[in-house]
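# Geometric and topological summary
Here's the letter readout for the chains.
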Amino acid sequence: MRAILAQPRGFCAGVVRAIEIVERALKLHGAPVYVRHEIVHNRHVVEKLRSKGAIFVDELSDIPPGAMTIFSAHGVARAVEEEAAARGLPVIDATCPLVTKVHNQGRRYVTAGRTIVLIGHAGHAEVEGTIGQIDAPVYLVSTPADVESLPIDRSAPIAYVTQTTLSVDDTRTVIAALHAAFEDVAGPDIADICYATQNRQSAVRDLCRVSDILIVVGAENSSNSSRLREIGVELGLPSYLVADGDGLDPAWFEGVNAVGLTAGASAPDELIDHVIAAMRRLGPVEVSALDGVEEKIEFALPRELRDGAMARSAAANC
């Protein structure tokens, strides 16, 4: 059996940055540090950080006074920022810079007098944060059908922004529906959807052309991981989403020669290795990787962590 790896797969720059923020905060400030919600949508990542001293909470009210607080990569509403400030909590913001870019776009469109339509999934942490960052009504749509029921005058100027982890194809159809329904529509170029989302979806499409089945490593609550599996289904492949190698079913591999293997943007490489090890318990496995985009993007850490690390290094050299 062959295991063919997608390229790229796994961690994106925003996830790498968010995890490093928690790890550096632990080194600089000591345990515990408190993280509002999962830093990224992956149980293995969360448990590893928890073992180092991170405590994950649902609400700021669960955080003791004065405790170091970190906002997750998905972003938070302004009300959360204001609550943290009112309580005097020291905060490090791990919001992905691409999510922050969406917040800024939305504010600019409001300033220009446009009504905001957010393309995204209800209940997702990023969507809740984006809605809470824009000081104006925000209308959420997920499908072209949602566009038809928007309670907005068809002649009113509107602008759309998008959840970063959405499918490029799905977003394109909703954008087309907005242009068909409204007379004056503005919005960012479709290329502004998260580069990592686009790259991983393109890689999965290439992978499905040479595979008999598709295995996606990622969490069930990870939007981008779920969408990778959906692409496999749309292309006619038996496609499965697993958290790690323990989620494999031997029946999936009966009569299969080529297994396409990828991972969502919040899944570490070690989980891919865990899946391959589980496959090898079923029989010999030859591993190869497709050619694909090599991602070289890096996001800077928050200034307080960069300055703190420099100060700590200087003190150690004295």
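Below, the structure is looked at part by part. (Residues numbered from 1 in each chain as written. Predicted model: local features only at pLDDT ≥ 70, side-chain atom pairs only at ≥ 80, totals over all residues. Heavy atoms only, no water.)

## Side note on the overall build of the protein chain
Here is the rule we go by: Counting from the N terminus, the helices are DSSP H or I runs at least four residues long and the strands are E runs at least two residues long. The globule rule is 2.2 Å times the number of residues to the power 0.38, and the radius of gyration it is compared with is taken over C-alpha atoms. Relative accessible area decides the class of each residue, using a 1.4 Å probe on protein chains only: under 20% of the type maximum gives buried, over 50% gives exposed, and in between gives partly exposed. Contacts: residue pairs with any heavy atoms within 4.5 Å of one another. Only the protein chains shown count as covering a residue, and every accessible area follows the Shrake-Rupley method with a 1.4 Å probe. Positive: Lys, Arg. Negative: Asp, Glu. His and the chain ends are not part of the count. Working definition for charges: the position is that of NZ of Lys, CZ of Arg, CG of Asp or CD of Glu.
Scanning the protein chain from N- to C-terminus turns up 11 helices and 13 strands. Relative to the globule expectation of 20 Å for 318 residues, the C-alpha radius of gyration of the protein chain, 21 Å, shows essentially globular dimensions. Across its three principal axes, the protein chain shows a C-alpha extent of roughly 65 × 60 × 30 Å. The buried share of the protein chain, reckoned over its 318 residues, is 50%. Residue pairs in contact within the protein chain that sit at least 24 positions apart in sequence constitute 73% of those at least 6 positions apart. Accessible area for the protein chain stands at about 14300 Å²; split by element, carbon and sulfur atoms hold 50% of it. Here the protein chain holds 29 positive side-chain charges and 42 negative ones, and the gap between their average locations is 5 Å.

## Overview of unusual backbone geometry
Cis peptide bonds are those with omega within 30 degrees of zero, and the linkage from Gln7 to Pro8 qualifies with 5°. That bond from Ala31 to Pro32 is cis: its omega, -5°, falls within 30 degrees of zero. Looking at the secondary structure, you find Pro32 in the loop between α1 (13-29) and β2 (33-36). Residues other than glycine seldom take positive phi values, yet His37 does so here, at roughly 65°. Topologically, His37 is positioned in the loop between β2 and α2 (43-52). Its relative accessible area of 24% is what places His37 among the partly exposed residues.

## Here we look at the side chain of Asn224
In this fold, Asn224 is placed in helix α9 (residues 223-234). Overall, Asn224 belongs to the buried group, its relative accessible area being 12%. Excluding residues within four positions of it along the chain, Asn224 makes contact with Thr165, Gly264 and Ala265.

## Examining the packing of aromatic side chains
For the record, the criterion: In this scheme Phe, Tyr and Trp rings, the latter by its six-membered ring, pair at centre separations within 6.5 Å, and the angle between planes marks the pair as stacked below 30 degrees, edge-to-face above 60, and tilted otherwise.
This structure, assessed with the given rule, holds 1 aromatic pair. Between Tyr240 and Trp252 the ring centres are 3.8 Å apart and the planes differ by 10°, which places this aromatic pair in the stacked class. Here Tyr240 is found in strand β11 (residues 239-242), whereas its partner Trp252 is found in the loop between β11 and β12 (258-263), with 12 residues between them in sequence. The class for Tyr240 is partly exposed, based on a relative accessible area of 22%.

## Some points on the nonpolar core
If you look at soluble globular proteins, the nonpolar side chains tend to sit buried side by side. Rule in force here: Residues belong to one nonpolar core when they are buried, are Ala, Val, Leu, Ile, Met, Phe, Trp, Tyr or Cys, and are joined through side-chain atoms within 4.5 Å.
If you look at the biggest cluster of nonpolar residues, it comprises 32 residues, and the most contacted ones within it are Val22, Val33, Ile39, Leu49 and Ile70. When contributions to this core are tallied by element, the ones reaching two or more residues are α1, β2, α2, β3 (54-57), α4 (97-111) and α8 (195-208). Broken down by element, the residue count for this core peaks at 8 residues, all from α1. Aside from chain neighbours lying at most four places away, what touches Val33 is Val22, Ala25, Leu26, Gly53, Ala54, Ile55, Met68 and Ile70.

## Notes on the sheet that holds β3
Heads up, the rule is: Two strands qualify as a pair provided DSSP detects at least 2 bridges between them. Orientation is described by axes fitted as lines to C-alpha atoms, over the contacting stretch for helices, and by angles from 0 to 180 degrees between their N-to-C directions.
Across the sheet, which stays open at both edges, the 4 strands sit in the order β3-β2-β4-β5 with parallel pairing between neighbours. A single partner strand is all that each edge strand has here, and the edge strands are β3 and β5 (91-93). When strand polarity is set aside, the average angle formed by the axes of neighbouring strands in this sheet is 25°. Of the strand pairs in this sheet, strand β4 (residues 69-71) and β5 are connected by 3 bridges, and their pairing is parallel. What sits directly across from Thr69, in β5, is Val91.

## Comments concerning the environment of Ile131
Locating Ile131 in the fold gives a position in helix α5 (residues 125-133). With relative accessibility at 33%, the residue Ile131 sits in the partly exposed group. Put simply, Ile131 and Val117 are 14 residues apart on the chain and 9.8 Å apart in space, counted from C-alpha to C-alpha. Aside from chain neighbours lying at most four places away, what touches Ile131 is Leu118 and Val138.

## Re the packing of α1 against α2
The condition that has to hold: The labels follow the angle: roughly parallel below 35 degrees, roughly antiparallel above 145, roughly perpendicular from 65 to 115, and oblique for the rest.
Where α1 contacts α2, the axes come no closer than 10 Å and their chain directions differ by 10°. Judged by the inter-axis angle, α1 sits roughly parallel to α2. Across the interface between the two elements, Ile19, Val22, Glu23 and Leu26 from α1 touch Val45, Leu49 and Lys52 from α2.

## Quick word on the sheet that holds strand β8 (residues 157-162)
The strand order across the open sheet built from 4 strands is β7-β6-β8-β9, with neighbouring strands paired in parallel fashion. Only two strands of the sheet have a single partner each, and these edge strands are β7 (138-141) and β9 (184-186). Each strand of the sheet is rotated relative to its neighbour by a mean of 30°, with strand direction disregarded. For strand β6 (residues 115-119) and β7, the ladder comprises 4 bridges, and the chain directions are parallel. Paired with Val117 across the bridge in β7 is Tyr139. Where α4 meets the sheet, its contacts fall on β6, β8 and β9, and the angle it forms with β8 comes to roughly 175°.

## Structural notes on α8
Selection criterion: An expected span of 1.5 Å times one less than the residue number is assigned to each helix.
Compared with an ideal rise of 1.5 Å per residue, which puts 14 residues at 20 Å, α8 spans 20 Å between its outermost C-alpha atoms and is within 8% of the ideal. The buried fraction of α8 is high, at 10 of 14 residues.

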